[in-house]
Amino acid sequence: MPTTYENLAKPIQLGSVQLKNRLMKNGTGFFWDDDGAMNDKYIAYFEALAKGGLALAVSACGPMQMGPMPGFRITGDEFIPGWTKWADAIKKHDCLAFHQLFHLGGMSPLFADPMPPAGPSASYIPREQSPRPGFEEAHEITKQEIEDVVDLFGTCAERMKKAGLQGTELNAACNHLLDSFMSRAWNFREDEFGGSIENRAKPTVMVIQEIKRRNGKDWPLILLMNGMEPDLKNGLTLEETIQFAKIYEAAGADAIEVRSEFYTHTDNWKRRSSTHFPDCYFYPDHPAHLDPNIVDDWGRGANIKIAAAIKKAVKVPVIVCGKMDWNNGEEAIRNGQADIISMNRRLLADPSAPKKILSGQLDDITPCTSCMTCFNLGEHFQPVACRVNPTLGKEREYEIKPADTKKKVLVIGGGPSGMEAARTAAKRGHKVVLYEKQKKLGGSMPVAAVVKGLEREDIVGFTEYLRKQMTKTGVAVYTGTEVTSAVIDREKPDVIVLAAGGTHEIPAIPGINSSKVQTGEKLHGTMKFWLKFFSPAFMNKVSKMFLPGVGKNVVIMGDRLHGCQTAEFLVHRGRKVTVVDSGPKEQIGDGLIDVFLKPFLLYWLEDQGVEIIPEVKYNEVNSEGLVITKNDGTRQTIKADTIITALPLKPNTDLVNKFKGKAKEFYNIGDSDEPGLIFDAIAAGAKIGREI
């Protein structure tokens, strides 16, 4: 099928090598072993990428400095055979195999305890003035140590060439060592490595030249740099990075890859943080000090204007990353704003996306929802997994294989776990029928899309993907139909998969049936009714103007994920919100992603005047509002026009008792079995779909 992405499909020269198209994956490292050696899981994922039509795959090895840090090493010759195996698996599918090298410098990952770090001059930055106060206090790196680091970069790149890799992506971005020399926010030196742009560029130039000296001038090298450091005092400006890009091109860089490090704008130094994920920069609200050089589309393609400005200044290809996709990527290349599109999370969600993009199979691309599960797991030093791609890290064991015995499978429930189980079972050759009592498939995902909003998480896109996959895989779908004994007698299934969702917890206190109480069950029911007729996007938009049944003063019972996100939804709609929960303070926000999203949301709620009160006892609902007893024994009435329950779901034991034993095989999955997140629901559906 002819592609509509003609610019993405064009080959391009990068130094001495040619990319068959304009799609690459930037360097990330995961699925590690404790000894830093390459493993089969990592190789299997990258081979899936190469098979999936990617032109260039880049792997990050672990940080070159030693210490209790995860990642695949290249700090000794003993690691070369593993990298050779990795490169061979990629190259045999006409995909280039590069590696990324980086040195953390003064940066400390959020959940790490690394070796004592070194920075350009961080030793005398007081913690309350530091761009990232959570970093370990670094010592000022000496000239000899700089030369040692340059040698280390060169040695590691040389080993990668020996291993059969084909190029280097040099990471001089984020808050890593090379970037911290460039940025005046970190670099206060007065010697040859500080002050002027030329001096601040010197360590990176030395590394480029050393890698080229060891591996040859024709060794391809991509220089990854921050195009800007928005909201950071003395951070990199676009005018500066244009000059840096020219210097690095002259030093031998064969391409410039552009991203940005986005800093939180806050006067509270304890809250200072940064992220290179532009969608997180826009969460949970639009930045107050948005630079005009940043694309204003809630993170999508945020760095395109920055890349375009740098492209005007250099002759080598310019690569852009940061919430890029095939649509904004095609447009950026067509408009002369970039040459190559670099993606990461979208390729974790679907390693075969490049092939599907270029062949026009867009409906078959599993969409990344930007949930940040992958990065969060990596920062906690756990094997990376994906909310929407349960095969990530399990490419070989989760390969779809025909079932030995074809069976009739009845799936009860059209939420994420039910649809994933149905899709997988059907692809294995089973005859699958799916019943959903609501008029539309999706379970609670459309409701979640309304509450979360459509700006950051693509819940709507993922729901539509699963709906279309039901048709493509031949699943017979019956909506608006509740499963009864008569249905089971008619279908005569060999297997029943119960994926009907959990039940809502409602506190048994006096007044809970008051008209001012909106239980989670009632709210979901109301929203699902309207979603029969209107899209989540329309519902989200209308709710900003008209939200029936919800007064101006709202109390939310439940301070975990559902409660906090409901509070965000209501604050955006002008409500005064108080959140209470019987659980401990440490439980606040449970279920939210720890990295960036949870702290950003909790800070924002605090700034909006939302009070969160943990460790309470619910007493009653009366005419004034909700009566609670605090953990110090004081009794308080929180005035409210509306009280909303947003407590964790419970397993659906009633339906289990109703349907268990109605077929030879019975499985209970998803929230019906063990309430969790979309990630858990998809994982459960994928597992059972392969086991039937």
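Refer to the structure presented above.
Residues numbered from 1 in each chain as written. Predicted model: local features only at pLDDT ≥ 70, side-chain atom pairs only at ≥ 80, totals over all residues. Heavy atoms only, no water.

Undergrad: Just checking my understanding: could you explain the overall build of the protein for this structure?
TA: The helix and strand tally for the protein stands at 23 helices and 27 strands. Against the globule reference of 26 Å for 692 residues, the protein gives a C-alpha radius of gyration of 27 Å, in line with a compact fold. In terms of its C-alpha atoms, the protein occupies a principal-axis envelope of roughly 75 × 65 × 45 Å. A burial count over the protein gives 60% of its 692 residues as buried. Of all intrachain contacts in the protein linking residues separated by at least 6 positions in sequence, the fraction that spans at least 24 positions is 70%. Entry remark: accessible area of the protein is about 27,600 Å², with carbon and sulfur atoms responsible for 50%. Of note, the protein has its 86 positive side-chain charges centred 6 Å away from the centre of its 87 negative side-chain charges. (Helix = DSSP H or I, 4+ residues; strand = E, 2+ residues; numbered from the N terminus. Rg over C-alpha atoms; globule rule 2.2 N^0.38 Å. Buried < 20%, exposed > 50% of the residue type's maximum accessible area, 1.4 Å probe, protein only. Contact = heavy atoms within 4.5 Å. Areas by Shrake-Rupley, 256 points an atom, 1.4 Å probe, with all protein chains shown as cover. Lys, Arg positive; Asp, Glu negative; His and termini not counted. Charge placed at Lys NZ, Arg CZ, Asp CG, Glu CD.)

Undergrad: Which parts of the structure should I look at to understand the packing of aromatic side chains?
TA: Throughout the structure, instances matching the rule amount to 20 aromatic pairs. Taking the centre distance of 4.8 Å and the plane angle of 20° together, the rings of Tyr-435 and Tyr-478 count as stacked. Here Tyr-478 lies in strand β17 (residues 476-479) and Tyr-435 lies in strand β16 (residues 431-436), a separation of 43 residues in the sequence. Judged by relative accessible area, Tyr-435 falls into the buried class, the value being 3%. (Phe/Tyr/Trp six-rings, centres within 6.5 Å; stacked < 30°, edge-to-face > 60°.)

Undergrad: I keep staring at the sheet that holds strand β27 (residues 665-668) and nothing clicks. Help me out?
TA: Backbone hydrogen bonds hold the strands of a sheet together, and the pairing may be parallel or antiparallel. With parallel pairing, the 5 strands of this open sheet are ordered in space as β17-β16-β15-β18-β27. Among the strands making up the open sheet, the edge pair consists of β17 and β27. On average, each strand axis in the sheet is tilted by 15° relative to the strand beside it, whichever way the strands run. Pairing between strand β15 (residues 408-412) and β16: 5 bridges, direction parallel. Of the residues in β16, the one forming a bridge with Lys-408 is Lys-431. Most of the contacts of helix α14 (residues 416-427) go to β16, to which it runs at about 165°, and overall it touches β15, β16 and β18 (495-498). (Pairing = 2+ DSSP bridges. Axes fitted to C-alpha atoms, helices over the stretch in contact; angles between N-to-C directions.)

Undergrad: Looking at this structure, how should I read the packing of helix α2 (residues 40-51) against helix α3 (residues 80-91)?
TA: Geometry of a packed helix pair, given as the angle between the helix axes and the separation of the axes. Contact geometry of α2 with α3 gives a least axis separation of 8 Å together with a crossing angle of 20°. The angle between α2 and α3 places the two elements in the roughly parallel class. Both α2 and α3 take part in a crossing whose hand is right-handed. Together, Asp-40, Tyr-42, Ile-43, Phe-46, Glu-47 and Ala-50 of α2 and Lys-85, Trp-86, Ala-89 and Ile-90 of α3 make up the contact between the two elements. (Parallel < 35°, antiparallel > 145°, perpendicular 65-115°, else oblique. Left-handed = near helix turned anticlockwise from the far one by under 90°.)

Undergrad: Got a minute to help me understand the state of the cysteines in this structure?
TA: Each disulfide consists of one covalent bond between the sulfur atoms belonging to two cysteines. Under the counting rule described, the total for this entry stands at 0 disulfides. Of all cysteine sulfurs in the structure, the one in Cys-174 sits closest to Cys-321, which takes part in no disulfide; the separation is 11 Å. On the accessibility criterion, Cys-321 (4% relative accessible area) is buried. (Disulfide = S-S within 2.5 Å.)

Undergrad: Explain helix α21 (residues 597-607) here, please?
TA: Note that an α-helix has 3.6 residues per turn; residues three or four places apart therefore point the same way. Within the span of α21, buried status applies to Leu-597, Lys-598, Phe-600, Leu-601, Trp-604 and Leu-605. Each buried residue of α21 lies within a common arc of 165° when the element is viewed along its axis, so the set occupies one face. Looking at α21, the residues exposed on the side facing more than 90 degrees away from the buried face are Glu-606 and Asp-607. Looking at the buried residues of α21, the elements they touch are α8 (278-281) and α20 (561-571). A positive backbone phi angle near 85° is found at Gly-609, which sits one or two residues after α21. (Arc of directions from axis to C-beta.)

Undergrad: Mind showing me how you'd approach the pattern of salt bridges here?
TA: Opposite charge on two side chains lets them pair, provided their charged atoms get close. Applying the stated criterion to the full structure yields 36 salt bridges. A salt bridge links Arg-214 to Glu-210; the shortest N-O distance between them is 2.8 Å. Here Arg-214 pairs with Glu-210, and both are found in helix α6 (residues 197-215), just 4 residues apart, close to one helical turn. With relative accessibility at 13%, the residue Glu-210 sits in the buried group. The partner of Arg-635 in a salt bridge is Glu-620, with the nearest N and O atoms 3.7 Å apart. Here Glu-620 lies in strand β23 (residues 617-621) and Arg-635 lies in strand β25 (residues 635-639), a separation of 15 residues in the sequence. Among the residues examined, Glu-620 registers a relative accessible area of 26% and is labelled partly exposed. (Salt bridge = Lys/Arg side-chain N within 4 Å of Asp/Glu carboxyl O.)

Undergrad: Would you take a moment to explain the side chain of Thr-366 for this structure?
TA: Summarising the element assignment, Thr-366 is placed in the loop between α12 (353-358) and α13 (373-379). There is a polar contact of 3.1 Å between the side chain of Thr-366 and the side chain of Tyr-465. The contact partners of Thr-366, leaving out residues within four places of it in the chain, are Ala-349, Asp-350, Val-388, Phe-462 and Tyr-465. (Polar contact = N/O pair within 3.5 Å; in protein donor to acceptor, adjacent residues only side chain to side chain.)

The values reported here are purely geometric and, on their own, carry no functional implication.
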